Amino acid sequence: MHRVSLIGIDEQVTEFTIEEGQTIFDAIQDQGLTLPHGCLSGSCGSCRIQIIEGAENLQKPGIIEENTIEAIAPEHTEVAEGNIRLACRAKVTGDIKFSILK
């Protein structure tokens, strides 16, 4: 189990645990929280998040996630650094801290 911290708009922190290989989206739902979403397959980009700490603790994005992120924010510095991910596709391998992008 890994520790996840969700930083809210008002800087409120929600902490919970997540299983190895579980998607961030599924873990959020397990907590009874909601996250914007559309397709849940990595194509729409609605569930994008910003990784604040622990980007190295996520499995490498697949081609679908990479293409979607590049399409929604092609020149965004955070994309190049791997800090923008899709919650429906990002699988956790360690502790992370993130916020939801709107």
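Structure first, text after, so check above.
Described in the following lines is the structure provided in the data block. (Residues numbered from 1 in each chain as written. Predicted model: local features only at pLDDT ≥ 70, side-chain atom pairs only at ≥ 80, totals over all residues. Heavy atoms only, no water.)

All right, on to the nonpolar core then. Among the nonpolar cores identified, the biggest contains 22 residues, and I24, C47, L58, A87, I96 and F98 are the most heavily contacted of them. Contributing elements (two or more residues each) for this core: β1 (2–7), β2 (13–18), α1 (24–30), β3 (48–53), β4 (84–86) and β5 (96–100). Among the elements that take part in this core, α1 stands out by supplying four residues, more than any other. Beyond its immediate stretch of four places on either side in the chain, F98 contacts V4, S5, L6, I7, I24, I28, I49, Q50, I51 and I52. (Core = buried A, V, L, I, M, F, W, Y, C linked by side-chain atoms within 4.5 Å. Buried < 20%, exposed > 50% of the residue type's maximum accessible area, 1.4 Å probe, protein only. Helix = DSSP H or I, 4+ residues; strand = E, 2+ residues; numbered from the N terminus. Contact = heavy atoms within 4.5 Å.)

Pairing of β3 with β4 involves three bridges; the strand directions are antiparallel. Paired with I49 across the strands is R85, a residue of β4. The sheet contact formed by β3 and β5 spans four bridges and is antiparallel. Across the sheet, I49 pairs through a bridge with I100, a residue of β5. (Pairing = 2+ DSSP bridges.)

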